[in-house]
Amino acid sequence: MVFCQSVAKSNLALFVIKAKLIMKKAIILFLLTLMSTAHASQPKDWQLGFQPAVTPLMKDVTWMHDYILLPVIVGISVFVLFLMLYVFVKFREGKNPTPSKTTHNVMIEVLWTVIPCLILIVIAVPSFKLLYKEETIPKADVTLKAIGYQWYWGYEYPDEKIAFESVMIEDKDLKPGQPRLLATDTKIVVPVNKVVKVLITSADVNHAWAVPAFGVKRDAIKGRINETWFKVEKEGIYYGQCSELCGIKHAFMPIEVHVVSEDKYAAWLIEAKKKFAMEENNSSRKVKKILNKEKM
Ligand SMILES: [Cu+2]
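A. How the structure looks around the overall build of the chain. Helix and strand counts for the chain stand at 5 helices and 10 strands. Put simply, the chain has 296 residues, and 22% of those count as buried. Pairs at least 24 apart in sequence give 65% of the contacts found in the chain among residues at least 6 apart.

B. Structural detail: the sheet that holds strand E4 (residues 188–191). On the basis of which strands lie adjacent, the open sheet formed by 5 strands has the order E4-E10-E9-E6-E7 and mixed pairing. Edge positions in the sheet fall to E4 and strand E7 (216–220), since each has one partner strand and no second. Pairwise comparison of adjacent strand axes, ignoring direction, gives a mean angle of 25 degrees for this sheet. Relative to strand E9 (residues 236–242), strand E6 (residues 207–211) runs antiparallel, the two being bridged by 2 bridges. Looking across to E9, one finds that Trp209 is bridged to Cys242.

C. How the structure looks around the sheet that holds strand E2 (residues 152–157). In space, the 5 strands of this open sheet follow the order E3-E2-E1-E5-E8, with mixed pairing throughout. Two strands bound the open sheet, and with one partner strand each, they are strand E3 (162–166) and strand E8 (226–230). In this sheet, adjacent strand axes meet at a mean angle of 25 degrees when their direction is disregarded. Strand direction decides the pairing type here: strand E1 (residues 142–149) and strand E5 (residues 196–202), joined by 7 bridges, are parallel. Residue pairing in the sheet places Ala146 in a bridge with Ile200 of E5.

D. Representation of the pairing of E6 in the model. Within E6, 5 of the 5 residues are buried, which leaves the element mostly enclosed by the surrounding structure. Here E6 shows a buried face lined by His207, Trp209 and Val211 and a second buried face lined by Ala208 and Ala210. Two strands pair when backbone bridges link them, and E6 and E7 are joined in this way by 5 bridges, in the antiparallel orientation. Pairing of His207 across the sheet is with Ala220, part of E7. The antiparallel hairpin formed by E6 and E7 contains 4 residues in its connecting segment, where Gly215 sits at a positive phi of about 70 degrees.

E. Broad picture of the confidence of the model for the chain. For the chain, the mean per-residue pLDDT works out to 86, and 80% of the residues sit at or above 70. Of all secondary-structure elements in the chain, the lowest mean pLDDT belongs to helix H5 (residues 286–295), at 52, while E5 reaches the highest, 97. Segment residues 32–40 is flagged for pLDDT under 50; beyond a separation of four residues in sequence, or across chains, it makes 11 contacts in the model.

So, how was this worked out
- Residues numbered from 1 in each chain as written.
- Predicted model: local features only at pLDDT ≥ 70, side-chain atom pairs only at ≥ 80, totals over all residues.
- Helix = DSSP H or I, 4+ residues; strand = E, 2+ residues; numbered from the N terminus.
- Buried ≥ 20, exposed ≤ 12 C-beta atoms within 10 Å, placed from the backbone.
- Contact = placed C-beta atoms within 7 Å.
- Pairing = 2+ DSSP bridges.
- Axes fitted to C-alpha atoms, helices over the stretch in contact; angles between N-to-C directions.
- pLDDT = per-residue confidence, 0-100.

Here is the structure:
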């Protein structure tokens, strides 16, 4: 008997030590996650929350999420959990052998209709403001057209007469520093602190052009041009992906945007106009040519 008790005690002690270790690991992991997301421009392992916002739009989206939606979600969850625990304890069979047959209570019914309405109004006001801001495109400094293809993106700068295609780099061809499934062979280049208007369409099925750090996500639909905009406030490389299930290689049509200074952008434009001129023999559009040939 004494032996059994001592075995049980040592098992318990072992369990407590293991639990403490797991807790420590979880806390360290959580802190590392917070640190690693601090300057990310792409998704990170074990990431929580959004990528850091680099446009006014995404800053508003992040604010809406952090200060409106999250408190509402946490509040409702805690309240419902508390109510359930209260009911479990107070009205359990032992404590409450003859249950009440009440089926209506006007006060409670008014409250559970009015309070959710008020919560929805609180959410709706900043939500509509945000939608309005997203839909109102300021005067554009640069216009970019994104065309979804199965399975890569084509880009045009209509004002500059530039067109190129942007295809994912396969695992075997990745260079150090290039993220898997996100890096592309030809990159979009845009100037920092300038309004970029994006025209989005598709040449085949529905795709969606999305860059999380910009707060931008729009469907690409054949025969229709959708619009959105962004103004990036920080130079860097930002990644996005097609965000509409478009077929077997949906996960392999990433978006890579290089946001550079105005001087660098001007230098890139000079190069790009030679390399990616719209009408000439444009070597970057080989995928489209091959596909077109296959169709013929
Ligand atoms: Cu797609």
